[in-house]
Amino acid sequence: MKNPVIFVMTKEVSLYYTFRDKVKEIFGNHIQLRSNHFPPVDLKEVDLILWSGADELYHDLVDSNTIKAPVITANRTVDFNKLERLFQLKQGTRCLLVSNTEEGAYESVDLLNRLGFDYLDITPFSNDMEVLPEVTNMDVAITYGLAHLVPDGVKQIIDLGNRSLDLSTLFEIAKELNQDLEHANHMTMDYVKNFVRIGKELAALADEQRYINSQLEAVLDAAQEGIIFVNSVGKITLINDQASSILGISEKEAYSQHYTDIIPAFPIEEGSNRVQETQERMVRVNGRDLLTILNPITVSDKFLGSVVIFQDISHVQRLEQEIRRRKSDAGLIARYTFGDIMGMSDRLTETKKMAKRMAGTDLSVLITGESGTGKELFAQAIHQASSRRNGPFVAVNFAGLTESIAESELFGYEEGSFTGARKGGRMGLFELAQHGTLFLDEIGDASEKIQASILRVLQEKQVMRVGGNKVIPVDIRIIAATNKNLNRMMENKGFREDLFYRLNQLPLRIPALRERKEDIHSLIEYFLRKHSITMNFTSKMVEEIERYNWPGNARELEAFIHYLSVTVEGNEADLDSMPPQMKEELLGESSTNRAIQYLEKKGDLPVYKEILECLALHSTVNRGIGRAALLPMIQTPLSDSQLRTKLQILKESKCVVTGVKKQGTRITNLGLKVLEEL
Ligand SMILES: Nc1ncnc2c1ncn2[C@@H]1O[C@H](COP(=O)(O)OP(=O)(O)OP(=O)(O)O)[C@@H](O)[C@H]1O
């Protein structure tokens, strides 16, 4: 696949380099960048245009009638570490803010004022101004990476560096280019960590005398992260604006309380016995997922308290979810039909026949079966064989999906219903699946609240977006799947009965591979073909493959083929090339089978089982049970000498061991395995 191309438009080439470095840092080398400073650039080949925003470049360079690539205007952040250099300037210092456009100069002055530097006397300056300000009496020039534009005569220059792309822009890029956000958390945490040092200074001050340096406070308030300081006795002595808003408490309320009343979930107590910051951790507060990091503050060996920095990452998760949704073209199209389901065994043929009949109806299907048996494959095939085949097939997997995400995913939302909500709102999966099939995968993992919401939609056949007030009728067919035992979950109140009966109108159980071992061969052939692998198996290997239980079913079989294609030299796979875990399992299993066969041959299997049960219950690794104690525990009437013979046979089968010095008899690991099988 072609690497995506971003066309970056900046007035200064140095700003292009700053943007480029950030994009490479976050997305690696597989995004290509082009710049207006390095022509020619074929704009038709470009996947995304990133524009610095503060100039007219866009209109000069891009003809929006012919160029259809999406455009992102860069939001830029300040390097807070560099801002510290401004703290040394005294009140009333005459500063010239130098930019390359008049608009940019005014914007930068405004930003510094908002950051609390309004006690400085700042004059905007740019060469394109009609009337240039007088510069001779200036004490210092401040600039963001444009030191070369500072007019002669100003002696001191504070260069705060180019303002790089902020997080929201990076997320926008990821979304537009369908890039993975695996670095997202790392990226946010790096960003957060930038504040730690400033936070530490501030915390020390705050604890000493509640005196908060006003500049630092302003900087902290401008941070997108929540920052609080909890002193050594658990009182909150500092809270920035963002923290107040995320936690939904005012500064005043926070100062008067112990942290446990407000943020009991935060790992604060850990601070007192550590030196280093904690790993980032997710906690849930008021239904929001917060990524927290805690930093203990110790000054001259005295523990002063901890700074906790946190971010509401619900919106990040939402973006991630959206990218996942967009990425899989399978998201809306079913790729598989019954013809793609391999296997000729009676069990599978019967299951396929049932599923085809189910496809002819519009009732809900609940597919059960172990992991990797092909439940999703069946769901897609049913959709393809149904009258809804020309409609969408939309899948949602509840495993690992937080409640808030699941809710906005399923129901969609209206603009402005939460931080990070997209402009114009968004359609939920129920709406997206209109006139098609909605596949609820791993339904056993849906929370109680989500179960209730799904039930309501199924009953009322309509949805309402989060934050909305319009009822939207939906016409969808539901197929759900799970590898959990929903009956047991219902007994423990983990799954709603009323929802179960709604979903289970047509139950379809996919048999495990070990129940239809005849299918193993056709699946192996299929996977070899699918991945263009040529491989033969020795007869010993074939024997073991057939004997193996395949707990991970077809998925494990596919992974097995992959494994062999990498590890086998040449084209022949023999026992040596078997994955270690499988080998272990087979060896353990063969000795279990051998032991059972041995006991069977000696007759009286139920008595052996009973003896093993008593030993399993009463013997420990170090202490066995003597015959005299064992005999009364056994229900089957046995004489002492009969018991002795039976124990001898169990010993020969290696299911028990007998101590040398009257330590009695105890069960072995093999004995426990045998017991499981009997
Ligand atoms: N009978 C089959 N023929 C061909 N491929 C199969 C068959 N059964 C499973 N597979 C393949 O095995 C993999 C797992 O299948 P699928 O995702 O449908 O399983 P699942 O039961 O939904 O698993 P989970 O419960 O873990 O989500 C897929 O790559 C699928 O294409």
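We now turn to the structure provided with this report. (Residues numbered from 1 in each chain as written. Predicted model: local features only at pLDDT ≥ 70, side-chain atom pairs only at ≥ 80, totals over all residues.)

Considering the sheet that holds strand β4 (residues 71-73)
Part 1 of the reasoning: Taken together, four strands build an open sheet; the order of strands is β2-β1-β3-β4 and the sheet is parallel. Two strands lie at the open edges of the sheet, namely β2 (32-35) and β4, each paired on one side alone. Within this sheet the neighbouring strands show an average axis-to-axis angle of 25 degrees, counted without direction.
Part 2 of the reasoning: Direction of pairing for strand β3 (residues 48-51) relative to β4: parallel, over a ladder of three bridges. Its bridge partner lying in β4, L50 is registered against I72.
Part 3 of the reasoning: The sheet strands contacting helix α1 (residues 13-27) are β1 (5-9), β2 and β3, and the helix crosses β1 at an angle near 150 degrees. (Pairing = 2+ DSSP bridges. Helix = DSSP H or I, 4+ residues; strand = E, 2+ residues; numbered from the N terminus. Axes fitted to C-alpha atoms, helices over the stretch in contact; angles between N-to-C directions. Contact = placed C-beta atoms within 7 Å.)

Thoughts on the pairing of β1
If a strand is regular, its side chains alternate between the two faces of the sheet.
Part 1 of the reasoning: In terms of burial, β1 is largely enclosed, as four of its five residues are buried.
Part 2 of the reasoning: Where β1 lies against β2, four bridges are found, and the strand directions are parallel. When the sheet's bridge partners are listed, V5 is paired in β2 with Q32.
Part 3 of the reasoning: A crossover links β1 with its parallel partner β2, the connecting element being α1, and its sense is right-handed.
Part 4 of the reasoning: The pairing of β1 with β3 spans four bridges and is classified as parallel. Looking across to β3, one finds that V8 is bridged to L50. (Buried ≥ 20, exposed ≤ 12 C-beta atoms within 10 Å, placed from the backbone. Right-handed = clockwise from strand over helix to strand, strands pointing away.)

A few points about the sheet that holds strand β8 (residues 156-159)
Part 1 of the reasoning: Pairing is parallel in the open sheet, where four strands are placed in the order β6-β5-β7-β8. At either end of the open sheet lies a strand with only one pairing partner, and these are β6 (121-126) and β8. Sheet twist, expressed as the average angle between the axes of neighbouring strands with direction ignored, equals 25 degrees.
Part 2 of the reasoning: Sheet topology note: the strand β5 (residues 94-99)/strand β7 (residues 140-143) ladder contains four bridges and is parallel. Bridge pairing links L96 to A141 in β7.

Considering unusual backbone geometry
Part 1 of the reasoning: Here the phi dihedral of H435 falls at roughly 65 degrees; this positive angle occurs in a residue that is not glycine.
Part 2 of the reasoning: Here H435 is to be found in the loop between α15 (429-432) and β18 (437-441).
Part 3 of the reasoning: With phi around 55 degrees, N553 is a residue other than glycine that occupies positive phi space.
Part 4 of the reasoning: Examined against the element boundaries, N553 turns out to sit in helix α21 (residues 553-567).

Digging into the environment of I561
Part 1 of the reasoning: Here I561 lies in helix α21.
Part 2 of the reasoning: Remark: the alpha-carbon pair of I561 and I524, spanning 37 residues in sequence, is separated by 7.5 Å.
Part 3 of the reasoning: For I561, the residues in contact, after removing those within four places along its chain, are I524, F527, L528, H531 and I533.

A word on the pairing of β18
Part 1 of the reasoning: Across the five residues that make up β18, a large majority, five, are buried.
Part 2 of the reasoning: Every second residue of β18 is oriented toward a common face, with T437, F439 and D441 on one face and L438 and L440 on the other, all of them buried.
Part 3 of the reasoning: As judged from the four bridges shared by β18 and strand β21 (residues 477-482), these two strands associate in the parallel manner. Within β21, the residue paired with L440 across the bridge is A480.

Observations regarding the nonpolar core
Part 1 of the reasoning: Judged by nonpolar contacts, the single largest core of 43 residues is most densely connected at I367, F378, I382 and L438.
Part 2 of the reasoning: Tallying contributions element by element places helix α13 (residues 375-384) first for this core, with five residues.
Part 3 of the reasoning: Residue contacts for F378: discarding those within four places in its chain leaves I341, A355, I367, L508 and I510.
Part 4 of the reasoning: I239, A243, A254 and L294 belong to the second largest nonpolar core, which has 25 residues in total. (Core = buried A, V, L, I, M, F, W, Y, C linked by C-beta atoms within 7 Å.)

A closer look at the site of the ligand
Part 1 of the reasoning: Close to the ligand lie 19 residues, the nearest being M342, G374, K375, E376 and A554.
Part 2 of the reasoning: Contributions of two or more residues to the shell around the ligand are made by α13, α19 (519-530) and α21.
Part 3 of the reasoning: Of the residues belonging to the shell around the ligand, the class tally is seven nonpolar, seven polar and five charged.
Part 4 of the reasoning: Here the shell around the ligand spans two domains, and each of domain 4 (328-509) and domain 5 (513-578) adds at least three residues to it. (Near = placed C-beta within 6 Å. Nonpolar A, V, L, I, M, F, W, Y, C, P; charged D, E, K, R; others polar. Domains from an automatic or database assignment.)

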